[in-house]
Structure formats: C-alpha cells, structure tokens
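Residue-level listing of the chains:
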Amino acid sequence: MIEQKRALVTEVPGPRSRELHARKTAAVSAAVGTTLPVYVERAGGGVVVDVDGNHLIDLGSGIAVTSVGNANPRVVEAVQRQVADFTHTCVMITPYEEYVAVAEALNELTPGDHEKRSALFNSGAEAVENAVKIARAATGRQAIVAFDHAYHGRTNLTMALTAKNMPYKHHFGPFAGEVYRVPMAYPFRWPGGAEHCADEAFAAFTELVHTQVGEENAAAVIVEPIQGEGGFVVPAPGFLARVAEWCAGHGILVIADEIQTGFCRTGDWFACEAEGIVPDLITTAKGIAGGLPLAAVTGRAELMDAVHTGGLGGTYGGNPIACAAALAAIETMRIDDLCGAARHIESVMRPRLAALAQRHPVIGDVRGRGAMLAVELVEPGTREPDPARTAAIAAACHREGVIVLTAGTFGNVLRFLPPLVIGDDLLGEALDVLDAAFAANA
Ligand SMILES: *Cc1c(COP(=O)(O)O)cnc(C)c1O
C-alpha cells in the first residue's frame, strides 16, 4: 500500500508531468479536457502518486469511481485471477457466472424487495440509454421527463437529458426528441425560498407534465437522488417522495440515476433509501467496480423482461474482468462497512465545512450527504455565482497537492468525493489545505 501522506517534491505539476502534458496536447484531441495535469504513476487508498514523485490527497476518486480505494487489493486479486482465466466471450454468445453474480448482487442491494432483473453495460450513459429503452418498451409511451441541473451523460440521448449546455451539449445538436424538462427542487436557489421549495417545485412538476406532456404519454421521470455534475443539489425534503407517489398514480416510471450516488457514497447503498423511494428502474456505474468500466440497469422484473429477446446487450457489456472487479468491490463495501465509512467522512467533513462557511461568506451553501459533500460559492450575501473564485480555490488546492473537483450549472461548486477508505489524518490534512486556499482567496 502506498504511504498515506501528502508529500510534494516538485511544484505541481512537476517537470515530468509537464513533459507528458506537452505530448498529450500534441496527440490527444483538445476536446478531452484536463482538470489537473499531473500524470499518475500509482494510486492507492486516499493518495495519488504522480510521475514526479508527488503524493497528492485524492478528494475526487476519479469522479466517485474508486470508492473502495484505487487498486484496492481485493479488486486487484479478483482482476488478476479473472484475466488469467478468460478475458471475453460476449455474454450474448456464451455466458459466465460472474455476470449472473453481479446481477444477483444488484437485485439484492438496490432499494425494494420486489422481484428484480438486471442488465450490464459499459458506461453510465449507456445504462441511462438502456433504462429509457426499457421504460418506453415496457410502458408503450415515449416521453421522458428530466430535471433542471441534471446530468445523465454525453451520448445523443443522454445529452438530451442533460441540462447543461457548456461543455456537454454545445454545438452537438440536434438532440433526441421526446425529452421534457422540469424544475428541480433546489432549495438554495428556489425563487420562493427554501421553505416553499418542495411544495412549489412539486406543483410546477405536475403542471408541466400535465400541460406539456400529458400524463398518459409519459414513460418515465429520470432523476438523480442527489444531483452530481449539477452541483450536489439535494432535492428539498419530501420532494422526490411526492414525485414518485404521483408518478405511480399515473403509470409513469421513476428511473433513479444512482450512477454517482450509488454504492455507499451517500452513507447508504443507494441514495434513494434516505428519500424513502423505491424506483422502478435504477442506473448504476462509477463506484460499482473499483475503477473498471461497468454499468447496470436494475429494475422490476416485469419491466426488465418486457423488452423482446435480443433488445438489450452489447459486445462488451458485463465484461468478465469488470464483473470480477465489481464482485470484489461489493464484497469490500460489505465487509469493511463502507456505508458506515461514508457517514463517518461526513461527520468529519461537515463541521469543518460549516466552520469554513462561518468564516467565509463567499460560501452560500454547504450540502450533500455522506462522502458526497459540496460548498457553493457566491458573492457574499447574494446568490450570484462566483465561478472565478471557485476555480481559483480549486487551483490553489491542486498546487498544494489536494485533488478537488468543481461542479454546478454555474461552475461555482467545490465538490468532495473522497475514497471511502481515506484515513482521518489524510482527510484532516486535505481540509487544512482547503482552509488555507479559502484564506488566500478571501
Ligand atoms: C457520470 C454520470 C453519468 C454518465 O456516466 P458515464 O460512465 O460517464 O457515461 C450519468 N449519470 C450520472 C448521475 C453521472 O454522474
């Protein structure tokens, strides 16, 4: 295991990273952006080691992917065993047990004790696309309702579902049809104030679905139980439960996109649990397989089985190595109680972030759940977004060897997604660096 400490031996990025970055610029499409151009040599636990020998603290987990820690020993062992046994057959040609075992685990772990089925894919966007296909086939309806600030991916259909133009949709249209947008119950930015947010957002939701779509035309509502790229927006309490109840009354499916929130990230196996909702379909990816590409749709058996045979699939979906990694990652989450670890991370981070907000009025909101926490930066005393200061503080953290990510429709949210195995000392040190970065950019 890599020593769990922050240690800078060069400036960040160092000379070897700068050299590699020049090669990247010459070889890789400029459209593939870079948050922090340090080139990685090794990573483990809560530390990323770059090619110049700098040890950085990881508060990003590769966007909520390496929840069990990078190169988690159980995942490494499972992958090594599987890669030596066989690497690919295509589950649609000659299947294998690992795929079935992942589906069984998903059916057991996702919310609700109804009978379920799962199908596996390669990426989150692919899972979302398939959830929409399933919802349409199972209901015989076409319209999909998505929320403001939503992020569901970068493929054509998922771009249509994603709310944010830059950088996800700009110049990439036309987008897929039959997608309708409704407001999210975003307490900090709700025009009528946080206390009226759930009621007013619910009223707007039902009115828009009724007047612009027609209940009987709506196949599904897709929602992130805590919005990820949109800025870790936690819907106003009770909003999602009311939406889900109303949808059930109109035969409209609820698709919970738990790609970022799933697998212990928010302190439960899935974020829907804290909202008390049981989605009809749930999409997962990111944290599922310790860093290997895997995604899934899990849902009610009668919906999942409503699609004609051969209607779902793909060459690589549920690749055996990715499945072996997922089984090891899920076992780690169970044995090491990573849901408990996520709640512990919140108990360490939230008071520190609240204290930071006390000292720095540029922090307008502290929010999130478990190890999915964020601060939203504004002009003090207003809700005017401050993306420039957000970027400056992120850059200051990066220079000091702490990987933090930004998010938000207005680019003014600092989000924290530490690996769930991060130690308290490392987390405390990262928060000290964040503290100093705020002080230097006050
Ligand atoms: C990341 C993400 C996706 C897209 O996943 P990819 O694997 O990048 O295609 C979809 N939905 C949510 C909520 C996400 O966070």
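As the structure is a computational prediction, the values presented were derived from the model and not from experiment. (Residues numbered from 1 in each chain as written. Predicted model: local features only at pLDDT ≥ 70, side-chain atom pairs only at ≥ 80, totals over all residues. Heavy atoms only, no water.)

Asks: What am I meant to see in the domain arrangement of the chain here?
Replies: Reports of interface size often rely on the accessible area that becomes lost once the parts have come together. By the assigned domains, the chain splits into domain 1 (15-71 + 337-441) and domain 2 (74-335). Taking only C-alpha atoms into account, the centre of domain 1 sits 25 Å from that of domain 2. Each side of the interface is counted separately: domain 1 has 40 residues, and domain 2 has 38 residues. In this assembly, domain 1 packs against domain 2 so that about 3100 Å² is buried in total across both faces, 58% of it on carbon and sulfur atoms. In terms of surface lost to domain 2, no three residues of domain 1 exceed Arg369, Met372 and Arg383, which account for 25% of the buried area on that side. For the interface between domain 1 and domain 2, the tally reads three salt bridges. A salt bridge links Glu229 to Arg415; the shortest N-O distance between them is 2.9 Å. (Domains from an automatic or database assignment. Contact = heavy atoms within 4.5 Å. Buried area = accessible area lost by both parts, 1.4 Å probe. Salt bridge = Lys/Arg side-chain N within 4 Å of Asp/Glu carboxyl O.)

Asks: Got a minute to help me understand the sheet that holds strand S1 (residues 40-44) in this structure?
Replies: The strands that make up a sheet pair up through hydrogen bonds in the backbone, lying either parallel or antiparallel. The sheet built from four strands is open, its strands ordered S1-S2-S3-S13 with mixed pairing. Looking at the sheet topology across the chains shown, the edges are occupied by S1 and strand S13 (402-403). Sheet analysis places S1 next to strand S2 (residues 47-50), joined by four bridges and oriented antiparallel. The partner of Ala43 across the bridge, within S2, is Val48. Running at roughly 95 degrees to strand S3 (residues 55-58), helix H14 (residues 424-440) makes contact with S2, S3 and S13 of the sheet. (Pairing = 2+ DSSP bridges. Helix = DSSP H or I, 4+ residues; strand = E, 2+ residues; numbered from the N terminus. Axes fitted to C-alpha atoms, helices over the stretch in contact; angles between N-to-C directions.)

Asks: Would you mind showing me how to read the site of the ligand here?
Replies: Close to the ligand lie Ser123, Gly124, Ala125, Tyr151, His152, Glu224, Asp257, Ile259, Gln260 and Lys286. At 3.4 Å from a nitrogen atom of the ligand is found a main-chain nitrogen or oxygen belonging to Tyr151. Between an oxygen atom of the ligand and a side-chain N or O atom of Gln260, the distance comes to 2.9 Å. Protein chains bury 82% of the 380 Å² of accessible surface belonging to the ligand in isolation. Looking at the shell around the ligand, its residues break down into three nonpolar, four polar and three charged. (Near = heavy atom within 4 Å. Polar contact = N/O pair within 3.5 Å; in protein donor to acceptor, adjacent residues only side chain to side chain. Areas by Shrake-Rupley, 256 points an atom, 1.4 Å probe, with all protein chains shown as cover. Nonpolar A, V, L, I, M, F, W, Y, C, P; charged D, E, K, R; others polar.)

Asks: Please explain the layout of surface pockets as it appears in this structure.
Replies: One water molecule sets the probe size; rolling that probe over the atoms shows where empty space is left. Here the second largest pocket is characterised by a volume of approximately 450 Å³. Elements supplying a minimum of two residues to the lining of the second largest pocket: helix H4 (97-109) and strand S4 (116-121). Of all the elements, S4 adds the most residues to the lining of the second largest pocket, at six residues. A class-by-class count of the residues in the lining of the second largest pocket yields nine nonpolar, nine polar and three charged. (1 Å grid on protein atoms, 1.4 Å probe; cavity = no way out; pocket = protein on both sides within 12 Å on 5 of 7 lines; lining within 4 Å. Points joined across faces, edges and corners; volume = space filled by probe spheres on them.)

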